[in-house]
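# A look at the structure
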Amino acid sequence: MAEGVKPRVKAPSKAAAGEAVVLKTLISHQMESGQRKNADGTPIPRSIINRFTCEFNGTSVIDIQMEPAISTNPYFEFEAVIPEAGDLKFTWYDDDGSVYEDTKSVAIG
Amino acid sequence: MKFKAMTAVAALLLSVPAMTLADPDEDSLAINGELDMVTETAAPAHLSDALDTIYSGWRFREDETQALQMDDFDNPGMVFADLGLDQWNKVEGEAGKSCASCHGTPEESMKGVRAVYPKWNETAGEVRTLAMQINGCRTENMKAEPYKYTSGQMTNMEALISVQSRGMPVDVVIDGPVQATWEAGKEIYYTRFGQLELSCANCHEDNYGNMIRADHLSQGQINGFPTYRLKNAKLNQVHARFKGCIRDTRAHTFEAGSPEFVALELYVASRGNGLSVEGPSVRN
Amino acid sequence: MDFTRRDTLALGMGAVALTVLPFRANAAADDAIAAFTGGAAMADAGVTLTAPEIAENGNTVPISVEAEGAVSIMVLAAGNPTPGVATFTFGEMSGAHSASTRIRLAGTQDVIAIAKMADGSFAKASSNVKVTIGGCGG
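Anyway, here's the lowdown on the structure attached to this text. (Residues numbered from 1 in each chain as written. Chains lettered and ligands numbered in written order. Predicted model: local features only at pLDDT ≥ 70, side-chain atom pairs only at ≥ 80, totals over all residues. Heavy atoms only, no water.)

## Structural notes on the overall build of chain C
Helix and strand content of chain C: two helices and nine strands. For chain C, with 138 residues in total, the buried portion stands at 46%. In chain C, the proportion of contacts linking residues at least 24 apart, taken out of those at least 6 apart, comes to 61%. Of the accessible surface of chain C, which amounts to about 7,000 Å², a share of 58% is contributed by carbon and sulfur atoms. (Helix = DSSP H or I, 4+ residues; strand = E, 2+ residues; numbered from the N terminus. Buried < 20%, exposed > 50% of the residue type's maximum accessible area, 1.4 Å probe, protein only. Contact = heavy atoms within 4.5 Å. Areas by Shrake-Rupley, 256 points an atom, 1.4 Å probe, with all protein chains shown as cover.)

Now the structure itself:
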């Protein structure tokens, strides 16, 4: 696992049934593009988060395929429909095989 | 020599867009729509012969960059304050302590701290920056290894501590035991460095609001440090920023944590007395 | 050979003609588009791409895309060393079919968004972003 990787998620704790809510996510990650060279001219190998997914109670909200052109500390903002109480699950997939997860519960009210 | 330096400055300051961008903009900064920040105020008395008004660097940025600091979720610097909180609670060193062992929660114990640093430390008999004080705690009280001065761990901790003072006015003391250091910092601020023979004042006092190539020069205020820069996508420590500035005058720079930069930080911080603490801010 | 004034003028006109040729993404971007659309025609309306006209730093450029009824939206930066940026695939629980992110642009260039609609059609939008170079680089 890459060092200092920490996810942040902003989701409402409550929503009206059927409401579309705005979700924001950010994860600290270098997103090494593979285009850079170090001081002695050796290329620095690519090491990025290549996929991000969000699910609500197991059903897909969004699935994002990520390329090296996504900035360091990847940020996403998108919407989910909340038909019932349940859990939003956020998952980031690293090139090195690591998987980072976060979950937010949403109540109806 | 003076003529040569003026030519260098003139060459750097291509004046094409200067007519439209000659001033800070009129935007106002409220974090999360509720925490109002002072981004413009009367210059402190010690600056009265040089400036009438001081402005936060936020006012010199484009709307898209400004927006990143207006919401704590959009501000990428805040994730590093979160990492700082993990460090705060982590026991390290031979004394078996964490920051929390002595200081409890940062919300309670660190409120107002960032606003008054650098400041005099009576026990140590020296002016200490916030970074020096953090390392002082680590080595003296925790018996742990100090953080490297401009490291990610240091800026994470500085961000965590700064957040507790956001919106409070910068209020560093400039007289009494710190006066000699403050004078030394002022001397550095007005000294021309490097092949380009530029002092801090040439850009940030004489030419703020003008364009330096495609960049809108600010007053070089440091109330927003540590600062998340879009350029390198990380939190930047203020001494690392000083180093970058002096390097770009094509000079040998001082080291982070050196007495020269401690003095300069005290002096530059005092030029922002009255602006709100913004750290972690977002800049280009 | 010596250039006469007229020759030089003609060369200049030729250069102008070259620069006003219709916009074409680079070969890699063309390949990515072909792989995504299977060579299908793309409508000019139906997808919205929001990007700044001038980016203060190319390392972190905020963009957003929206396409009602889209299954997925692919974003490309035609002037980057590799043009791929991201592909957003909207699931059953998606609200508005929109997304925002922050991207890297190696220089001034066109950012392209292509939406694949539920009916199998495609729509395209592009936006030119000018990337400025900072002041002294400090």
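## Here we look at the pattern of salt bridges
Scanning all chains against the criterion turns up 21 salt bridges over all chains. Here Arg-166 of chain B ties to Asp-72 of chain B by a salt bridge, and the two come within 2.7 Å at their closest N and O atoms. Taken together, the residues Arg-166 of chain B in the loop between helix H8 (152–163) and helix H9 (179–189) and Asp-72 of chain B in the loop between helix H2 (63–69) and helix H3 (77–88) connect sequence positions 94 residues apart. One continuous salt-bridge network, built from bridges that share partners, spans Lys-10 and Lys-24 of chain A together with Asp-71 and Asp-74 of chain B. (Salt bridge = Lys/Arg side-chain N within 4 Å of Asp/Glu carboxyl O.)

## Points about the side chain of Arg-128 of chain B
Residue and element names in this part refer to chain B. Assignment of secondary structure puts Arg-128 in strand S6 (residues 126–128). A distance of 2.9 Å separates a polar atom in the side chain of Arg-128 from a polar atom in the side chain of Glu-126. Within the local environment of Arg-128, its side chain forms a polar contact with the side chain of Glu-140, the two groups lying 3.1 Å apart. Residue contacts for Arg-128: discarding those within four places in its chain leaves Tyr-117, Pro-118, Lys-119, Asn-121, Gln-133, Gly-136 and Glu-140. (Polar contact = N/O pair within 3.5 Å; in protein donor to acceptor, adjacent residues only side chain to side chain.)

## Describing the interface of chain C and chain B
Opposite the 15 residues of chain C that make contact, chain B presents 21 residues. Carbon and sulfur atoms supply 49% of the area that chain C and chain B bury against each other, a total of about 1,500 Å² over both sides. For the pair chain C and chain B, the interface holds one salt bridge. Residue Glu-56 of chain C pairs with Arg-61 of chain B through a salt bridge whose shortest N-O separation is 2.7 Å. Run the count over chain C and chain B and you get six residue pairs in polar contact (both at pLDDT 80 or more). Counted by class, the side of chain C that touches chain B contains five nonpolar, eight polar and two charged residues. (Buried area = accessible area lost by both parts, 1.4 Å probe. Nonpolar A, V, L, I, M, F, W, Y, C, P; charged D, E, K, R; others polar.)

## Side note on the interface of chain A and chain C
Chain A puts 29 residues into the contact, and the matching count from chain C is 26 residues. Interface of chain A and chain C: buried area, both sides summed, is about 2,100 Å²; carbon and sulfur atoms make up 52% of it. Among the residues chain A hides against chain C, the three largest losses belong to Ala-69, Ser-71 and Tyr-75 of chain A. Together they make up 25% of the total. Seen at the junction of chain A and chain C, the total is zero salt bridges. At the boundary of chain A with chain C, the tally comes to 19 residue pairs in polar contact (both at pLDDT 80 or more). Looking at the side of chain A that touches chain C, the elements with two or more residues in it are strand S3 (19–27), strand S5 (59–66) and strand S6 (75–82) of chain A. Among the residues forming the side of chain A that touches chain C, the class breakdown is 17 nonpolar, eight polar and four charged. In terms of strand pairing, S6 of chain A meets strand S7 (residues 94–103) of chain C through four bridges, oriented antiparallel. (Pairing = 2+ DSSP bridges.)

## Some remarks on the sheet that holds strand S11 (residues 281–283) of chain B
All names here are of chain B. A sheet is described by the order of its strands in space; here three strands give the open sequence S10-S9-S11, paired in mixed fashion. Across the chains shown, the open sheet's two edge strands, defined by having one partner strand only, are strand S10 (234–236) and S11. The mean angle between the axes of side-by-side strands here comes to 40°, regardless of whether they run parallel or antiparallel. Two elements, strand S9 (residues 227–229) and S11, share three bridges in a ladder whose sense is parallel. In the strand pairing of S11, Thr-227 is matched with Ser-281. (Axes fitted to C-alpha atoms, helices over the stretch in contact; angles between N-to-C directions.)

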